[in-house]
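One-letter residues, chain by chain:
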Amino acid sequence: RNNIETKWISAQHGLGVDITLVLQLGGAVGIVVLLVVLWNQRLRRAVVAGRKLEEAQHTLLRAISSPILVVREDNGEILYINEAAAGGRPIAALIGAQAVNLYVDPSDRELFLERMRSEQKVDGLEVLFNGSEGQIIWALVSSRLIVFGGHSSYLSTWTDITARRNAEAELRESEAGLKAFLEYANVPVIIKDLDLHYILVNRAFLDMRGVQLEDSLGKTANDFQPPDIAAKILEADRYVIESGKPC
């Protein structure tokens, strides 16, 4: 004969929630109920721990001044973005939006995902992002997998390299302009390094000397002029280098 005696108490736990425990039940029923209650306690603690972890993540991310973006792995939804990454756009309007909309070229997003799937990380990937007010930003992106809000997510940060890319483009245009000038100039033009070796010559020089470009690069005036004339040319070149004045 089982004498079933039930005792109820309400225990206040650190979760701030009253949990009713069955302290004593006769037979297997009591064991089952006790196991359920203990599992419920453990589950609640895990939930609270998860909330505390998420709060700690948010606190840490808010302390970072670099652009920060957190995107769900499974559906591409933006879970978190800071002011530096938002670039002047309302953060509330970006949370829940699709990360692909941040990219100027969707193929950059596909390349990012391909890298993450194959290597589980991204380092130094150059992409074009849409900025605020129609601006376009060149970014050097790095990313890692994390768990955020209970979801496997991509945590990304980047460096704005727009100024560098613009400078590179201007340099290429300048070089192209110089090469065009050299190509069509009807007088010999020679460009030398600080050691007075030829690093670029134009077609007029090659035609005058009857040589090919590969036979001219790395040479000096000594290779094309009589010794006395070469000495005067080299002396004049050194004067220009040392004084910074034309000769």
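In what follows, the accompanying structure is described. (Residues numbered from 1 in each chain as written. Predicted model: local features only at pLDDT ≥ 70, side-chain atom pairs only at ≥ 80, totals over all residues. Heavy atoms only, no water.)

Details of the packing of aromatic side chains
Selection rule: Aromatic pairs are defined between Phe, Tyr and Trp rings, using the six-membered ring for Trp, whenever the two ring centres lie within 6.5 Å; interplanar angles under 30 degrees are classed as stacked, those over 60 as edge-to-face, and all others as tilted. Relative accessibility under 20% of the residue-type maximum defines a buried residue, over 50% an exposed one, and the middle range a partly exposed one, all with a 1.4 Å probe and only protein chains included. Segments assigned H or I by DSSP are reported as helices when at least four residues long, segments assigned E as strands when at least two residues long, and all are numbered from the N terminus.
By the definition in use, this model includes seven aromatic pairs. On the numbers, 5.9 Å between centres and 85 degrees between planes, the contact of Y198 with F205 is edge-to-face. Across this residue pair, the class does not change: Y198 and F205 are buried. Between Y198 and F224 the ring centres are 5.7 Å apart and the planes differ by 5 degrees, which places this aromatic pair in the stacked class. Residue Y198 is located in strand β9 (residues 198-201), and its partner F224 is located in the loop between α6 (203-209) and α7 (227-243); the two are separated by 26 residues in the primary sequence. Taking relative accessible area as the criterion, Y198 reaches 5% and is therefore assigned buried. Taking relative accessible area as the criterion, F224 reaches 15% and is therefore assigned buried. Grouped by ring-pair contacts, the aromatic residues Y103, F129 and W158 constitute a single cluster.

Section: the pairing of strand β4 (residues 78-81)
Going by this rule: Criterion used throughout: strands pair if DSSP finds at least two bridges between them.
By the bridge criterion, three bridges tie strand β3 (residues 68-72) to β4 in an arrangement that is antiparallel. Bridge pairing in β4 links V70 to Y80. Two successive antiparallel strands, β3 and β4, enclose a turn made up of five residues, where G76 displays a positive phi of approximately 75 degrees.

As for the sheet that holds strand β5 (residues 121-130)
Inclusion rule: Fitting a line to C-alpha atoms yields each axis, with helices limited to the stretch in contact; the angle taken between N-to-C directions then spans 0 to 180 degrees. Whether two residues are in contact is decided by their heavy atoms, any of which lying within 4.5 Å being enough.
Here we have five strands laid out as an open sheet, ordered β4-β3-β7-β6-β5, and antiparallel in their pairing. Each edge of the open sheet carries a strand with a single partner, namely β4 and β5. Strand-to-strand twist in this sheet, taken as the mean axis angle between neighbours without regard to direction, amounts to 30 degrees. Here β5 pairs with strand β6 (residues 136-148) via eight bridges, running antiparallel. Each residue of the ladder has a partner; that of F129, found in β6, is I137. Here helix α4 (residues 106-119) sits on the sheet and contacts β3, β5, β6 and β7 (151-160); the angle it forms with β5, its principal contact strand, is near 165 degrees. Most of the contacts of helix α5 (residues 162-184) go to β6, to which it runs at about 145 degrees, and overall it touches β5, β6 and β7.

Things to note about α7
Where we set the bar: Given a helix with a known number of residues, its expected span is that number minus one, times 1.5 Å. The arc in question is the one spanned by the directions pointing from the helix axis to the C-beta atoms.
In this model, α7 (17 residues) spans 24 Å end to end at C-alpha, consistent with the 24 Å of a helix rising 1.5 Å per residue. Within α7 the residues assigned to the buried category are A230, L234 and D237. Taken around the axis of α7, the buried residues stretch over an arc of 60 degrees, which confines them to a single face. The exposed set on the far side of α7, more than 90 degrees from its buried face, consists of D228, K232, E235 and E242. Residues of α7 that are buried sit in contact with β8 (190-192). One or two steps after α7, the chain reaches G244, where phi turns positive at roughly 75 degrees.

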